[in-house]
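Now for the letters of each chain:
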Amino acid sequence: MRTAVIAAIAGALVGCGKPAAPPAGHDAKNMPETTGPKGHDHEASKERAYHAQEHEEEALAYSDHRGRGHHKHHRFDNAAEWTAQFDSPDRAAWQKPDEVVAALKLTPAMTVADLGAGTGYFTVRLAKAVPQGRVIANDLEPDMVKWIGERATKEGLANVTTVEGASADPKLPEGLDVALMVDTYHHIEEPSRFFGKVRDALKPGGLLVVVDFKKDAPDDAPGPPAAMRVDDAIVAAHLQKLGLSHERTDRELLPYQYLVFMRKPG
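The rules behind the values
Residues numbered from 1 in each chain as written. Predicted model: local features only at pLDDT ≥ 70, side-chain atom pairs only at ≥ 80, totals over all residues. Heavy atoms only, no water. Pairing = 2+ DSSP bridges. Helix = DSSP H or I, 4+ residues; strand = E, 2+ residues; numbered from the N terminus. Axes fitted to C-alpha atoms, helices over the stretch in contact; angles between N-to-C directions. Contact = heavy atoms within 4.5 Å. Salt bridge = Lys/Arg side-chain N within 4 Å of Asp/Glu carboxyl O. Buried < 20%, exposed > 50% of the residue type's maximum accessible area, 1.4 Å probe, protein only. Arc of directions from axis to C-beta. Polar contact = N/O pair within 3.5 Å; in protein donor to acceptor, adjacent residues only side chain to side chain. Core = buried A, V, L, I, M, F, W, Y, C linked by side-chain atoms within 4.5 Å. Phe/Tyr/Trp six-rings, centres within 6.5 Å; stacked < 30°, edge-to-face > 60°. Lys NZ or Arg CZ within 6 Å of the ring centre and 35° of its normal.

Looking at an unreviewed UniProt entry, one finds the chain named Class I SAM-dependent methyltransferase and attributed to Nannocystis punicea.

Here's what the structure looks like:
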């Protein structure tokens, strides 16, 4: 649901906020060379160079999709209205949430993050899959975070913790076994910073799974317009640049979406 941190039925989820510092572990060797005086001006020059690299990377994935009713800065700030879409019974036919959760191979005591959790469509399923563990439901929309907390209470899911993140920092606790992002990657405004923070929160050997819409999905498929979809190879290559290992990509489980499995080195 949006992460922007998010999922979309007929289309949508995450991303807005102010820039933050580059993620821990960012490889400065890959940043453009900068010149200038020491001190404030030099730091400002480095920051401009970092943003230039970020925008260049995003240009590979995004083009102008305004006017199509689904865009990167789409807001998801009214949970009561969005729940009719996000939790629609029709969604299960193509999203196959139980099959997606099964593909994560969770064990009962794991700590799992639901990135861009929206109304908690996956959060509640994850919580039932790790009854002795913990689920961190992350979203940058305060109303979504509140909604999930209330939903977890109503459904008796005491192992759900909600976290209000930001566009460049999901604000996750350390020690995650698995992080799942569904239908949200295409809304992240600052993916290098955001996923750098996700990487840092994962345990050595931890797993990040990104579920998003196939670039070649039919035009009438659920999700964003074709111009906004991000090819799974771009997702995997970008996350590899951040130090995660590409384990596999599954394009068969879901009709309109792929699952990219990325592992933090142990």
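A.B. asks: I'm lost on the sheet that holds strand β1 (residues 111–115) in this one. Help?
C.D. replies: Backbone-to-backbone hydrogen bonds pair the strands of a sheet. The strands run either parallel or antiparallel. Strand order across the open sheet formed by seven strands is β3-β2-β1-β4-β5-β7-β6, with mixed pairing between neighbours. Each end of this open sheet is capped by a strand with a single partner; those strands are β3 (160–164) and β6 (245–250). Averaged over all pairs of adjacent strands, the angle between strand axes in this sheet comes to 20 degrees, irrespective of strand direction. Pairing of β1 with strand β2 (residues 134–139) involves five bridges; the strand directions are parallel. The residue of β2 that forms the bridge with Ala113 is Ile136. Against the sheet, helix α6 (residues 142–154) engages β2 and β3, with an angle of about 170 degrees to β3. Sitting on the sheet, helix α7 (residues 191–201) is in contact with β1, β4 (176–182) and β5 (202–213), with an inclination near 140 degrees to β5.

A.B. asks: Can you walk me through the pattern of salt bridges in this structure?
C.D. replies: Proximity of charged atoms lets side chains of opposite charge pair with each other. In total, this model carries eleven salt bridges according to the counting rule given. Between Arg251 and Asp216 there is a salt bridge, with its nearest N and O atoms 3.1 Å apart. With Arg251 in the loop between β6 and β7 (257–263) and Asp216 in the loop between β5 and α8 (232–241), the pair connects residues that are 35 residues apart, well separated along the chain. Given the relative accessible area of 28%, Arg251 is considered partly exposed. Relative accessible area serves as the criterion here: at 55%, Asp216 is assigned to the exposed category. Residue Asp250 is joined to Arg248 by a salt bridge in which the shortest nitrogen-to-oxygen separation is 3.8 Å. A residue is classified by how much of its surface remains accessible, and Asp250, at 16% relative accessible area, is buried.

A.B. asks: Honestly, α8 in this entry has me stumped. Any pointers?
C.D. replies: In an α-helix there are 3.6 residues to a turn, and that puts residues three or four apart on one side. All of the buried residues in α8 are Asp232, Val235, Ala236, His238 and Leu239. Each buried residue of α8 lies within a common arc of 165 degrees when the element is viewed along its axis, so the set occupies one face. Of the residues that open α8, the one with a side-chain oxygen 2.9 Å from the backbone nitrogen of Ala233 is Asp231. Of the residues trailing α8, Gly243 is marked for its positive phi of about 100 degrees.

A.B. asks: Sorry, what's going on with the nonpolar core here?
C.D. replies: Side chains of a nonpolar character, in soluble globular proteins, are inclined to be buried together. Leu106, Leu126, Val160, Leu180, Val209, Val211 and Leu259 are the most contacted members of the largest nonpolar core, which has 29 residues in total. Secondary structure elements with two or more residues in this core: α4 (97–103), α5 (123–129), β2, α6, β4, β5 and β7. Discounting residues that sit within four places of it in the chain, Val209 has contacts with Leu104, Ala179, Leu180, Met181, Leu259, Val260 and Phe261. Counting residues in hydrophobic clusters, the runner-up holds 26 residues, among them Ala179, Ala201, Leu208 and Leu242.

A.B. asks: Looking at this model, I keep getting lost on the packing of aromatic side chains. Mind explaining?
C.D. replies: Aromatic ring pairs: the centre-centre distance and the angle between the two ring planes describe each pair. Summed over the entire model, instances satisfying the criterion amount to four aromatic pairs. Judged by centre distance (5.5 Å) and plane angle (75 degrees), the rings of Tyr121 and Phe122 are edge-to-face. The pair Tyr121 / Phe122 is uniform in exposure class, with both members buried. Summarising the aromatic geometry, the rings of Tyr185 and Phe195 are spaced 5.4 Å apart at their centres and angled 25 degrees between planes, so their arrangement reads as stacked. With Tyr185 in the loop between β4 and α7 and Phe195 in helix α7, the pair connects residues that are ten residues apart, well separated along the chain. In terms of burial, Tyr185 and Phe195 fall into one category: buried. Connected via pairs of aromatic rings, a cluster forms that spans Tyr185, Phe194 and Phe195. The ring of Tyr121 is capped by Arg125, whose NZ or CZ atom sits 4.4 Å from the centre of that ring.

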